[in-house]
Amino acid sequence: MRRVTLTQFLIEQQRAGRTSADLRLLIEVVARAVKAISVNVSKGALAGVLGEAGTDNVQGEAQKKLDVIANEILLQANEWGGHLAAMASEEVEEVHQIPFDYPKGGYLLLFDPLDGSSNIDVNISVGTIFSVLRNTAAGTEPDESAFLQPGTEQVAAGYALYGPSTMLVLTVGNGVHGFTLDREMGSFVYTNPFMTVPVDTSEYAINASNQRFWEAPVQRYVAELQQGEGGPRGRDFNTRWVASMVADVHRILTRGGIFMYPMDEKCRAKGGKLRLMYEANPMAMIIEQAGGAATTGHQRILDVVPQKLHQRVPVILGSLNEVERVAAYHREA
Ligand code: AHG
Ligand code: MN
Ligand code: MN
């Protein structure tokens, strides 16, 4: 069987006019950083990378050593290539400017360097999520406002999953494509062309410990699922919750499902739990490109106009018919 690598895939996308040379370089550089993060994640205790960093990030969350390492790897890898105007990261409060000694390009890169931090020390899958926007701002140092574009403006989005195998899942607006890291060869091999989310599912993902804080539409939806065969849905449903969004989304891309981190009383003041610009938006683009849907409950996630770089939103995404049902329950409430 002929093996297609990520490089070959990207060159073919470029020839077909779906990516620019700079976007291809950007994705290749992110993929290279992902390989370095994968090495660190998989060495675990052998490399002394587990445990707390002893610092807090912008959101007041305790950083793990691997949060800091993954962030450094991504920032450094992407500084010198000349493809970026600036970067933004979950782990960095302000916009990260490109150092003066390097040329600048036309894209903005946003990322969650290590998603699922609570799973690092227990050897459960974690990931990296990224989003690419065009820099529309004038001037040489794009500020926060340059980043505040709705998710519909993303030119590419993807994630890496550091699981039993390391995978890179990617969209440039032409379907969703999955690559598996061949560790011996050191290259990503094109293993999952045009990934799709089945429109129906019997699996749902939600952190049920927050149940008492949920709003009425989500209470109703989950209660109906839990009633199973004897309830209004007339069939049984199963729960899955990894607590790494990347892993939960990857399962949904593979066999369907619905993922919810909805609005609740506990996170209302913050606007939700998950971050819009480097968690919800890239995942929403991927899920929509794969035939699924993504909503806050009230609005398509990709249509949300951001007010702040580190803004949070409620997230409900996955199999089309289930997401539409939850959105309908919000409209009826
Ligand atoms: P991060 O590790 O980047 O802060 O993100 C963790 C997110 C997401 O990956 C996951 O779905 C969710 O937080 C888990 O939240 P709970 O611990 O509340 O279940
Ligand atoms: Mn995250
Ligand atoms: Mn993170």
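See the structure shown above.
Rules behind the numbers
- Residues numbered from 1 in each chain as written.
- Chains lettered and ligands numbered in written order.
- Predicted model: local features only at pLDDT ≥ 70, side-chain atom pairs only at ≥ 80, totals over all residues.
- Heavy atoms only, no water.
- Donors = N, O, S within 2.8 Å, 3.2 Å for Na, K, Ca; no water.
- Helix = DSSP H or I, 4+ residues; strand = E, 2+ residues; numbered from the N terminus.
- Pairing = 2+ DSSP bridges.
- Core = buried A, V, L, I, M, F, W, Y, C linked by side-chain atoms within 4.5 Å.
- Buried < 20%, exposed > 50% of the residue type's maximum accessible area, 1.4 Å probe, protein only.
- Domains from an automatic or database assignment.
- Contact = heavy atoms within 4.5 Å.
- Axes fitted to C-alpha atoms, helices over the stretch in contact; angles between N-to-C directions.

K.L.:
Can you lay out the coordination of the manganese ion (ligand 2) for me, pointing to particular residues and giving the numbers?
P.N.:
Every protein donor of the manganese ion (ligand 2) is listed here as D112 (OD), D115 (OD) and E279 (OE), and their distances to the metal cover 1.9 to 2.2 Å. Each donor residue of the manganese ion (ligand 2) lies on one chain, and together they are spaced D-x2-D-x163-E. Between the manganese ion (ligand 2) and the manganese ion (ligand 3), a separation of 3.7 Å is found, and both are coordinated by D112. Pair noted here: D112 is in strand β5 (residues 107–115) and E279 is in helix α7 (residues 276–289), with a separation of 167 residues, a long-range link.

K.L.:
Quick rundown of the pairing of strand β10 (residues 187–192)? Include the residues and the values.
P.N.:
Strand direction decides the pairing type here: strand β9 (residues 177–182) and β10, joined by five bridges, are antiparallel. Paired with G178 across the strands is N192, a residue of β10.

K.L.:
So, the nonpolar core: which residues are in play, and what are the values?
P.N.:
Within the largest apolar cluster, 45 residues are counted, with the highest numbers of intra-cluster contacts made by Y159 and L253. Top element by residues in this core is α7. It accounts for nine residues. Counting residues domain by domain, this core receives three or more from each of domain 1 (6–192) and domain 2 (203–332). Aside from chain neighbours lying at most four places away, what touches L253 is Y159, V169, V176, M195, T196, V197, I286, I287 and A290.

K.L.:
Could you give me a rundown of the sheet that holds strand β4 (residues 96–97), with the residues and numbers involved?
P.N.:
Strand order in the open sheet formed by eight strands is β4-β3-β5-β6-β7-β8-β9-β10, with mixed pairing between adjacent strands. Two strands lie at the open edges of the sheet, namely β4 and β10, each paired on one side alone. Pairing analysis gives seven bridges linking β5 to strand β6 (residues 126–134), with the strands arranged antiparallel. By the bridge assignment, D115 is partnered in β6 with G127. With respect to the sheet, helix α1 (residues 6–15) is in contact with β8 (166–171), β9 and β10, its orientation differing from that of β8 by roughly 5 degrees. On the sheet, α7 packs against β3 (84–89), β5, β6, β7 (156–162) and β8 and is oriented at approximately 85 degrees with respect to β6.

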